[in-house]
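# Topology and contacts: notes
Each chain, written out:
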Amino acid sequence: QVQLAESGGGLVQTGGSLRLSCAASGLTFTNYAMGWFRQAPGKEREFVATISGSGGGTNYADSAKGRFTISRDNAKNTVYLQMNSLKPEDTAIYYCAARYGFPVTHRARADYWGQGTQVTVSS
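Residues numbered from 1 in each chain as written. Predicted model: local features only at pLDDT ≥ 70, side-chain atom pairs only at ≥ 80, totals over all residues. Heavy atoms only, no water.

### Notes on the overall build of the chain
- When its secondary structure is counted, the chain shows zero helices and eleven strands.
- Relative to the globule expectation of 14 Å for 123 residues, the C-alpha radius of gyration of the chain, 13 Å, shows essentially globular dimensions.
- Taking all 123 residues of the chain together, 42% fall into the buried category.
- Nonlocal contacts in the chain, meaning residues at least 24 apart in sequence, comprise 58% of its contacts between residues at least 6 apart. (Helix = DSSP H or I, 4+ residues; strand = E, 2+ residues; numbered from the N terminus. Rg over C-alpha atoms; globule rule 2.2 N^0.38 Å. Buried < 20%, exposed > 50% of the residue type's maximum accessible area, 1.4 Å probe, protein only. Contact = heavy atoms within 4.5 Å.)

Quick look at the structure:
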């Protein structure tokens, strides 16, 4: 019913940029805050960024501040994560998440998850 589909991952060199996309279906998109999380092998899934349903409010993890930008296009039911100045420690599977009516800043608070897209940053 509800599906979140990430795309845009890939291999990039240190200092490069990527833009991830997450297309949502099966929900009323504007009712959901959206977020991005990431998970490296052997590590827990961690918060990266979140954006309110209207797009008027954002929050970032310290590791993302100043380098990553989350945005959304409600007409397209899509949320984006622009990643600049990438570092090897950004290497992870990046997951899109949705939460009804509230920010999604912790993995336990997500209502829905995408399948993930791999980001690899070479040193």
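### Side note on the state of the cysteines
- Counted according to the given criterion, the structure contains one disulfide.
- With its sulfur 2.1 Å from that of its partner, C22 forms a disulfide with C96. Its torsion about the S-S bond being -80°, the disulfide of C22 and C96 is classed as left-handed. Linking C22 in strand β3 (residues 18–25) with C96 in strand β9 (residues 92–100), this pair joins segments that are 74 residues apart in sequence. Each member of the pair, C22 together with C96, is buried. (Disulfide = S-S within 2.5 Å.)

### A few points about the packing of aromatic side chains
- Applying the stated criterion across every chain, the model contains five aromatic pairs.
- Ring geometry for Y32 against Y112: centres 6.2 Å apart, planes inclined by 55°, an arrangement best described as tilted. Residue Y32 is located in strand β4 (residues 32–39), and its partner Y112 is located in strand β10 (residues 112–113); the two are separated by 80 residues in the primary sequence.
- Centroid distance F37 to W113: 5.0 Å. Interplanar angle 70°. Geometry classified as edge-to-face. Taken together, the positions of F37 in strand β4 and W113 in strand β10 put the pair 76 residues apart, joining distant regions of the chain.
- Classification of F37 as buried rests on a relative accessible area of 0%.
- Geometry around Y95 places R45 over its ring, the cationic atom sitting 3.6 Å from the centre.
- R45 extends its terminal NZ or CZ atom over the ring of W113, reaching a point 4.6 Å from the ring centre. (Phe/Tyr/Trp six-rings, centres within 6.5 Å; stacked < 30°, edge-to-face > 60°. Lys NZ or Arg CZ within 6 Å of the ring centre and 35° of its normal.)

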